Amino acid sequence: MNILLIGSGGREHAFSYYLNKSKLCSHLYIMPGNAGTAECGANVSINPLHFDKVAEFCIEKNIELILVGPEEPLVKGMRNYFESNEEIKHIKFVGPDQAGAAMEGSKDWSKAFMSKYNVPTATYKTFTAENLQEGLAYVKQHSLPIVLKADGLAAGKGVLICQTHAEAEAELEQMISQSKFGDASKKVVVEAFLDGIELSVFVLCDGNSYKILPSAKDYKRIGEGDTGLNTGGMGAISPVPFADEQFMEKVESRIIKPTIEGLKQEGIKYVGFIFIGLMKVGDEPWVIEYNSRMGDPETEAVLPRIKTDIGELMLASAEGRLHEMQLEISNQTAATVMLVSAGYPGDYAKGKVMTGFDDVNKSLVFHAGTKINANNEVETNGGRVLAITSLADNIKEAVALSMKAAAKINYDGKYFRKDIGYEFI
Ligand code: AMP
Ligand code: GLY
C-alpha cells in the first residue's frame, strides 16, 4: 500500500516511523516532512493546503491511503475535496471532513455540541461585535479567573486566562473589536475556569466504532514547575498515573460515548482521531476542548506504546473496520522530552547545526523542526526541534533515559525541561 502522510512535526516523524514498519506499507511519502521523516520515507515539497497539487501527486504515485497529521488541512476541507473528486475519491482517508473538524475549528460549535449532548464542560457564552456590550457586562459579573477563547484556529495562542475583570474586559474588546487573533477572534467564547489537573485522551474513529488509545499528559509551559509562557508542548508522559480504570470508565461513559453518538446524530461520519483535552476536577472529568487530530508531543509518547501495526490500524479506521481490530498496548511508561530553540515560544534563530544523534541508542529520537542543509547536515528549523522518547518500567526511569539522551544532542541554543513527569516522581 502506498501511503501519504501530511505534516512536518514530531507527530509526523513518529507516525512515519511506525507506518514505515507496517507490513502493509510499500511506499511512504511525507508532505512536506522534516529531516527525520526523510529516513522513513520520501519527503515531498508540496504545500498540503494546495489540494489540487496534492491530488495530482496522489494520482501520479498511486497513493492508496492518506493520513493527515495537523488540523489545518482538515478544517479547510481536505477530506471533502478528496471525496468530491472522481479521480481520487477511492483513496482511503484518515481525518474528518470539514464538519467533523469543526470540533477543533470552532470553539463555539464544539461548546454548543457539548451542551446539546450533555458532555460535561465549563459553562460558557459566545460573543461577537453584535453583542459585545452584553459580553462586557457578562464578563463583569463573572467569577474569576475568566477564560476567553478565540472561536477559530489561532496557532495555539487563542486562549487567555484572565485574573481580573478589567483584564478580561480589555481582552474581550481587543479580541472582537481589534481582531487580536485576526478573524479567529471575531467570535469569542467566554467560559468558566476549571481548576484541576489536565490530561489528554485520544480516540480513533471509523465513522461507526472507535478505539481508545493510551492516555497522555502534556507539559505545556516553557519553564520548569509549569511556569512561564504556553508552548505547543515541552514533553509528555504516557500512561497518566491518575487515569486509572475507574476514571477512564467515567471518561468513556460520560464523554466518549455521547461525543460519538452526538456526531452520528449530527450526520457527521467522523473518520480519524479525536483528541479530548480533559481537566480532572476532584475525581470527575470535564472537557476543555476537542481537537480533530493527534496531539504533539503526545503522539511521540503514545505511538511507541501501541504494539498493533499502525498501518493496519489506519486502514481499518479508513475502511470502517475498527471493530475487527485488537489494540495491543505496552505496559511500559513512555516519557518524551522536547528540545527547543532558545527564545521559543517567542522569537528564535533557525539554521543551527545539530550533532550527537549517533550517541543516542536507548531512546527514540523524533525530529520536529529540523531540515537537512546544503552540506547534508541536520539543522534546526523551528521552535520545537526534537522529541526524545524513552520507554521503561516506570516514569522515573523513562524520564532519566530521555534526559540522558537529551544531554547528548548538541546545537546552539538548546533548551529542554528537566522536570517532565515531576508530579509523579
Ligand atoms: P488550548 O489552546 O485550547 O489548548 O488551551 C490552552 C490551555 O488553556 C489548556 O491546555 C488549558 O490549560 C487552559 N484552559 C483552557 N480552557 C480552560 C478552562 N476552562 N479552565 C482552565 N484552563 C483552561
Ligand atoms: N500538545 C497539545 C496539542 O497538540 O495541541
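See the structure shown above.
Since this is a predicted model, take the numbers as computed values, not measurements.

Re helix α1 (residues 10-21)
An ideal rise of 1.5 Å per residue puts 16 Å on 12 residues; α1 measures up with 17 Å between its terminal C-alpha atoms. Among all positions in α1, only Gly 10, Arg 11, Glu 12, His 13, Ala 14, Phe 15, Ser 16, Tyr 18 and Leu 19 are buried.

Concerning unusual backbone geometry
Asp 296 connects to Pro 297 through a cis peptide bond whose omega is 20°. With respect to the helices, strands and loops of the structure, Pro 297 is situated in the loop between β17 (284-291) and α10 (298-302). Residues Tyr 344 and Pro 345 are joined by a peptide bond in cis, for which omega reads 10°. Among the structural elements, Pro 345 can be located in the loop between β18 (333-341) and β19 (364-367). The phi torsion at Asn 118 lies on the positive side, around 55°, for a residue other than glycine. Turning to its location among the elements, Asn 118 is positioned in the loop between α6 (107-116) and β6 (124-127). You can call Asn 118 exposed: its relative accessible area is 64%. Of note, Ser 179 is a non-glycine position whose phi angle comes to about 45°, a positive value. Among the structural elements, Ser 179 can be located in the loop between α8 (165-177) and β9 (188-192).

Side note on the packing of aromatic side chains
Overall, the coordinates contain 15 aromatic pairs when judged by the stated rule. Pairing Tyr 17 with Tyr 18 gives two aromatic rings, centres 4.9 Å apart and planes at 85°, and the pair type is edge-to-face. On the basis of relative accessibility, which here comes to 14%, the residue Tyr 18 falls in the buried class. Note on Tyr 17 and Phe 366: the rings are 5.9 Å apart at their centroids and 75° apart in plane angle, and the pair reads as edge-to-face. Of the two residues, Tyr 17 is situated in helix α1 and Phe 366 in strand β19; the sequence distance between them amounts to 349 residues. By relative accessible area, Tyr 17 is classed as partly exposed at 27%. On the basis of relative accessibility, which here comes to 1%, the residue Phe 366 falls in the buried class. One Lys or Arg, Lys 217, reaches over the ring of Tyr 219 and ends 4.6 Å from the middle of that ring.

Rules used throughout
The numbers attached to residues start from 1 for each chain and follow its sequence in the written order. Chains and ligands are labelled by the order in which they are written, letters from A for the one and numbers from 1 for the other. Per-residue local features are limited, in this predicted model, to residues with pLDDT of at least 70; the limit for side-chain atom pairs, both in listing and counting, is 80 or more; totals at the level of whole chains, interfaces and linings are taken over all residues. Calculated side-chain values reflect all of the structure's heavy atoms, with hydrogen atoms and water omitted. Each helix is a run of H or I in the DSSP string that is no shorter than four residues. Each strand is a run of E no shorter than two, and both are numbered from the N terminus. By this rule, a helix spans an expected 1.5 Å times one less than how many residues it contains. Accessibility here uses a 1.4 Å probe with only protein chains present; expressed as a share of the type maximum, an area under 20% marks a residue as buried, one over 50% as exposed, and anything in between as partly exposed. Think of it this way: a Phe, Tyr or Trp ring, Trp meaning its six-membered ring, pairs with another when their centres are within 6.5 Å, and the plane angle makes it stacked under 30 degrees, edge-to-face over 60, tilted otherwise. Counted as over-ring charges are cases with an Arg CZ or a Lys NZ within 6 Å of the ring centre that also lie within 35 degrees of the ring normal.

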